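# Remarks on the overall topology
Given next are the chains, with one letter for each unit.
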Amino acid sequence: MNFTVERPAAFYALLLLIPFLIFDFKRFSKLLTSFVTENDYNLSQSLFARFKRCFYLRTLARVLAYVMLVFAYAGISWGTAAVPAQKSGCSVSFVFDISHSMEALDAPGHMSRLEAAANYADELLNKMTGASVSVVLAKGEATVAVPSTEDFEAVRSMLVSLSPKLMTSKGSSLGSGIRTALNSFPSQTSQAAFIWLFTDGEETDTSLSSALLEAVKYGVPVAIIGFGSEREIPVLAGDGQTSVNTALRTEAIQKTLAYVQKHSPRKDSDATTFLVSYVDASEVGSAFKLLNSIKPVAKIGQTSLVYEIQAIPRTTFFLTLAIIFFALSFILGELTIKVKKASAASLLMIFMLTSCSGKFSDGAKLLEGKLDWNRKDYQGAIADFLSVAQSAEERQDSETQQYALFNLASTYLMQDENEAAVKRFDQIAPDAPDNIRFALYYNSGIIAHRNGNFKGAAQLFKQALEIDSGNINAKINLELSMQEDVIQSRSKSSQMSPVTENQEEPSALESAIYSVLRENDQKQWKNRQQDSAESSALDY
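In this text the structure is predicted, and so the values were computed from the model without any measurement. (Residues numbered from 1 in each chain as written. Predicted model: local features only at pLDDT ≥ 70, side-chain atom pairs only at ≥ 80, totals over all residues. Heavy atoms only, no water.)

Now for the packing of aromatic side chains. In total, this model carries 13 aromatic pairs according to the counting rule given. When the centroid spacing of 6.2 Å and the interplanar angle of 85° are considered together, the rings of Phe-94 and Phe-96 count as edge-to-face. According to the relative accessible area criterion, Phe-96 is buried, its value standing at 0%. When the centroid spacing of 5.4 Å and the interplanar angle of 70° are considered together, the rings of Phe-94 and Phe-198 count as edge-to-face. Linking Phe-94 in strand E3 (residues 90-97) with Phe-198 in strand E6 (residues 192-199), this pair joins segments that are 104 residues apart in sequence. Exposure class is identical for Phe-94 and Phe-198. Each is buried. In this structure an aromatic cluster arises from ring pairing among Phe-94, Phe-96, Tyr-120, Trp-196, Phe-198 and Phe-227. (Phe/Tyr/Trp six-rings, centres within 6.5 Å; stacked < 30°, edge-to-face > 60°. Buried < 20%, exposed > 50% of the residue type's maximum accessible area, 1.4 Å probe, protein only. Helix = DSSP H or I, 4+ residues; strand = E, 2+ residues; numbered from the N terminus.)

Printed below as a string of structure tokens:
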């Protein structure tokens with residue numbers, strides 16, 4: 001059961017029921033005191049019992065109406081539905097440390113660390129087609145030099161001019177660079193965010209660890225790329241006179257990453273290890289590691305429509321109940337209803353409100369996985385969904401297990417791990433809920449289409465339409481798959497068709513047409529010869 005609450009603070013409004021009930025009961029007590037007299041005591045006793053019963057039922061109905069309004073405003077959701085989601089690439093923020101220590105000449109080829117970082121970034125750009133890139137400069141402070149763009153020439157123009165003179169602030173604050181990069185990503189975007197920090201690890205304010213923890217909290221992977229030699233080398237400070245020793249602080253960076261993993265707000269250490277990492281630029285294959293980290297979401301020129309499972313909001317349901325209970329409060333206040341029937345109705349309503357209170361543990365885990373999925377933290381989402389699937393299997397909760405398996409397969413599909421996705425789809429039972437089976441056939445059709453199995457894709461989209469015949473996306477994909485299948489079949493048949501020779505004599509009409517065509521061809525050939533004699537240029 002995928003149970004979520006959008007605004008849990010709204011439940012504090014239920015405390016207002018306490019003063020309301022105190023006031024209402026006191027007013028009712030005064031009303032009875034003034035109504036009952038000694039002269040008509042017997043009559044008053046019968047009226048008292050009736051009024052008391054009506055008062056309690058009316059109060060209960062109004063309290064329930066208010067509770068339903070609070071629940072509606074709180075944004076309670078349960079149950080799930082298949083919702084289309086679009087995947088569209090990634091956005092990488094290049095954060096360059098331009099402090100004076102980056103001017104040390106200990107990079108390969110007797111280059112400065114900053115020059116080596118610029119060349120390294122330029123080589124990365126050659127392999128990042130389809131991604132968008134921004135540039136952040138970090139010194140004592142940080143600023144966005146190039147906003148997120150797919151125009152890599154604008155980024156390269158900034159790379160050739162990197163220098164500590166671009167900023168007047170003193171010191172080295174790597175944490176401010178990461179925070180500025182985090183704030184540069186749009187709040188509403190379908191792109192996955194990544195931060196690559198080019199630095200030697202020298203910092204003056206020790207803000208790197210707190211900034212990395214903040215990035216982990218938002219699920220944004222940060223890769224620190226080290227430049228320079230671990231051997232101390234002198235370099236001039238910002239005043240141009242003071243000489244200080246500097247080096248690649250690999251050990252300090254490793255300690256910072258260990259601190260982040262220990263104090264990470266995330267419970268899964270594997271996901272934290274994926275979110276913060278360090279590579280030495282001089283290592284063989286370091287660039288491959290970086291490019292491989294964005295590979296699952298940086299397919300060149302491709303977008304995919306997949307279906308994900310999301311909780312169904314129940315605001316309308318609670319508003320309807322609020323209206324019903326409010327109307328009942330007037331009816332119950334006027335009619336005499338047996339207490340047993342009223343109690344049974346109250347118990348039935350309590351059962352309705354609490355029947356979905358079970359399975360909260362797995363529901364919370366599904367919600368956590370869904371939040372990780374929305375933050376593009378697919379490793380964390382996979383861990384959550386696997387945990388729910390195993391727990392549901394142990395409890396023999398087939399329904400929850402089906403939802404967990406589908407979410408797990410959808411996560412694999414978002415990472416382009418089609419084989420793993422198909423394996424999980426095959427584990428979903430044939431009697432799974434309709435929304436899961438629809439999304440199963442739909443996403444399996446996408447995988448089959450990607451693999452060139454157009455006939456199989458068409459069959460899968462047909463099965464999806466048998467469940468939801470009104471889905472436009474499935475209809476469009478079915479038509480496209482059928483057309484691709486026809487084109488593929490024609491291509492194969494044309495390659496396999498034998499050359500046949502007609503042994504029959506041509507008819508008189510065919511001979512006449514052939515003669516005319518031959519004369520026209522001869523005339524055209526003569527005209528072409530004349531044209532070619534006049535001009536030596538070939539006409540294509």
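Let us now look at the sheet that holds strand E10 (residues 276-280). A sheet is described by the order of its strands in space; here 6 strands give the open sequence E5-E4-E3-E6-E7-E10, paired in mixed fashion. Only two strands of the sheet have a single neighbouring strand rather than two, namely strand E5 (142-149) and E10. Geometrically, the sheet is characterised by an average inter-axis angle of 20° between neighbouring strands, direction not taken into account. (Pairing = 2+ DSSP bridges. Axes fitted to C-alpha atoms, helices over the stretch in contact; angles between N-to-C directions.)

With that out of the way, let us pick up the nonpolar core. Ranked by internal contacts, the top residues of the largest apolar core, which has 39 residues, are Phe-94, Phe-96, Met-128, Leu-162, Trp-196, Phe-198 and Ile-225. Every element with two or more residues in this core is listed here: E3, helix H3 (113-125), strand E4 (132-138), helix H4 (152-159), E6, strand E7 (222-226) and helix H9 (286-294). Other than its neighbours up to four places away in sequence, Leu-162 contacts Phe-96, Ile-98, Leu-114, Ala-118 and Leu-137. Formed by 27 residues, the second largest nonpolar core is a distinct cluster that contains Val-95, Leu-208, Leu-275 and Tyr-278. (Core = buried A, V, L, I, M, F, W, Y, C linked by side-chain atoms within 4.5 Å. Contact = heavy atoms within 4.5 Å.)

This part is about helix H16 (residues 434-450). Spanning 17 residues, H16 covers 24 Å between terminal C-alpha atoms, matching the ideal 24 Å at 1.5 Å per step. In terms of burial, H16 is a largely internal element, 13 of the 17 residues being buried. Just downstream of H16 lies Gly-452, where phi reads positive at about 85°. (Expected span 1.5 Å × (residues − 1).)

Let us look at the environment of Val-260. Here Val-260 lies in helix H7 (residues 250-262). For the pair Val-260 and Leu-212, spaced 48 residues apart in sequence, the C-alpha to C-alpha distance is 6.9 Å.

Turning our attention to unusual backbone geometry. Positive phi, close to 55°, is recorded for His-110, a residue that is not glycine. The residue Thr-206 is not glycine, and still its phi comes out positive at about 50°. Mapped onto the elements, Thr-206 comes out in the loop between E6 and helix H6 (208-218). Among the residues examined, Thr-206 registers a relative accessible area of 61% and is labelled exposed.

This paragraph deals with the pairing of E5. Sheet analysis places E4 next to E5, joined by 5 bridges and oriented antiparallel. Across the sheet, residue Val-133 finds its bridge partner in E5, namely Thr-149.

In terms of burial, E10 is a largely internal element, 4 of the 5 residues being buried. Relative to E10, E7 is paired through 5 bridges, and the arrangement is parallel. Considered in E10, the bridge of Gly-226 is made with Asp-280.

We now examine the side chain of Arg-424. Turning to its location among the elements, Arg-424 is positioned in helix H15 (residues 418-426). Of the buried charged residues, Arg-424 lacks a salt bridge, with Glu-393 as the closest side chain of opposite charge at 7.8 Å. Every residue in contact with Arg-424, bar those within four places of it in the chain, is listed here: Leu-386, Leu-405, Leu-408, Ala-409 and Tyr-412. (Lys, Arg positive; Asp, Glu negative; His and termini not counted. Salt bridge = Lys/Arg side-chain N within 4 Å of Asp/Glu carboxyl O.)

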